[in-house]
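Here is what each chain is made of, one letter per residue.
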Amino acid sequence: MLKSVTDWFKVETADAHCDVPCGVYDPSTAQIAAKTVAALTKKIIDLPLPGAKPEEQKAFENTITRMVKVKEEHAQICKQEILILWTDYFKPQHLEMFPDLHTTFWNTAKLVSYCKQNVDLPKSEELQAAVQKIADMFHKAAAAAKK
């Protein structure tokens, strides 16, 4: 009678952050994306309205469309990066260090969605601060892991 593979080889269970445990996590991409959202929000607000000439209208429409597109792309990058940190890097033991961890990430994800859908400079600045808080949490957790 043949033994099962587990009888032939010692098989141990391994725990990992993600599907491919690379161990590379960094909030800087989310920070840059949040900064880009804020910068483009300001540019959209400051963009002068076009004159009556059709070519001015077309130039304005082209510029505003491109700005909105890039703002939304970076909002999506920001959301993706914070969700990776939330779901892959942070573990249940981090809740002791950061009791508001889930609320912080939840509210930041909702704020990214708001900034993606709207042109609101104070909210985009709030997004930068929220992502900075996440970055601070990450760096504190990473430093504690090295001890």
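Everything discussed here concerns the structure shown above.
Keep in mind the model is a prediction, meaning the values are calculated, not measured.

Peer 1: Would you explain the packing of aromatic side chains in this entry?
Peer 2: Centre-to-centre distance and the angle between the planes together describe a pair of aromatic rings. In this structure the tally under the stated criterion is six aromatic pairs. Considering the side-chain rings of Tyr89 and Phe138, the 4.7 Å spacing of their centres and the 55° angle between planes classify their relative orientation as tilted. Here Tyr89, found in helix 3 (residues 54–89), pairs with Phe138, found in helix 6 (residues 121–146); they are 49 residues apart in sequence, far enough to count as distant. Grouped by ring-pair contacts, the aromatic residues Tyr25, Trp86, Tyr89, Phe90, Phe98, Phe105 and Phe138 constitute a single cluster. Directly above the ring of Tyr114 sits Lys123, whose terminal nitrogen or CZ lies 5.9 Å from the centroid.

Peer 1: Any chance you could explain the nonpolar core here in plain terms?
Peer 2: In this structure, Cys78, Leu85, Phe90, Phe105 and Leu127 are the most contacted members of the largest nonpolar core, which totals 26 residues. Elements supplying a minimum of two residues to this core: helix 2 (28–46), helix 3, helix 5 (101–117) and helix 6. The contact partners of Phe90, leaving out residues within four places of it in the chain, are Leu85, Phe98, Leu101, Phe105, Met137, Phe138 and Ala141.

Peer 1: How should helix 5 be read in this particular structure?
Peer 2: Residues spaced three or four apart along an α-helix point in a common direction, a consequence of the helix completing one turn every 3.6 residues. With 17 residues, helix 5 extends 25 Å between its outermost C-alpha atoms, agreeing within 8% with the 24 Å of an ideal straight helix rising 1.5 Å per residue. Listing the buried residues of helix 5 in full gives Leu101, Thr104, Phe105, Thr108, Ala109, Leu111, Val112, Ser113 and Cys115. Contacts from the buried residues of helix 5 go to helix 2, helix 3, helix 4 (94–97) and helix 6.

Peer 1: For this particular structure, what's the right way to read the pattern of salt bridges?
Peer 2: Opposite charge on two side chains makes pairing possible when the charged atoms of those side chains draw close. Throughout the structure, instances matching the rule amount to four salt bridges. Asp46 is paired through a salt bridge with Lys42; the nearest N and O atoms lie 2.6 Å apart. Linking Asp46 with Lys42, this pair stays in helix 2, spanning four residues, or about one helical turn. Take Asp46: its relative accessible area is 46%, and that puts it in the partly exposed class. The partly exposed category is assigned to Lys42, whose relative accessible area is 41%. Residues Glu73 and Lys69 are paired through a salt bridge, measuring 2.4 Å at the closest nitrogen-oxygen approach. Residue Glu73 and its partner Lys69 are located together in helix 3, separated by four residues, close to a single helical turn. Classification of Glu73 as partly exposed rests on a relative accessible area of 36%.

Peer 1: Would you take a moment to explain the side chain of Ser124 for this structure?
Peer 2: In this fold, Ser124 is placed in helix 6. Aside from chain neighbours lying at most four places away, what touches Ser124 is Val37, Ala38, Thr41 and Cys115.

So, how was this worked out
Residues numbered from 1 in each chain as written. Predicted model: local features only at pLDDT ≥ 70, side-chain atom pairs only at ≥ 80, totals over all residues. Heavy atoms only, no water. Phe/Tyr/Trp six-rings, centres within 6.5 Å; stacked < 30°, edge-to-face > 60°. Helix = DSSP H or I, 4+ residues; strand = E, 2+ residues; numbered from the N terminus. Lys NZ or Arg CZ within 6 Å of the ring centre and 35° of its normal. Core = buried A, V, L, I, M, F, W, Y, C linked by side-chain atoms within 4.5 Å. Buried < 20%, exposed > 50% of the residue type's maximum accessible area, 1.4 Å probe, protein only. Contact = heavy atoms within 4.5 Å. Expected span 1.5 Å × (residues − 1). Salt bridge = Lys/Arg side-chain N within 4 Å of Asp/Glu carboxyl O.

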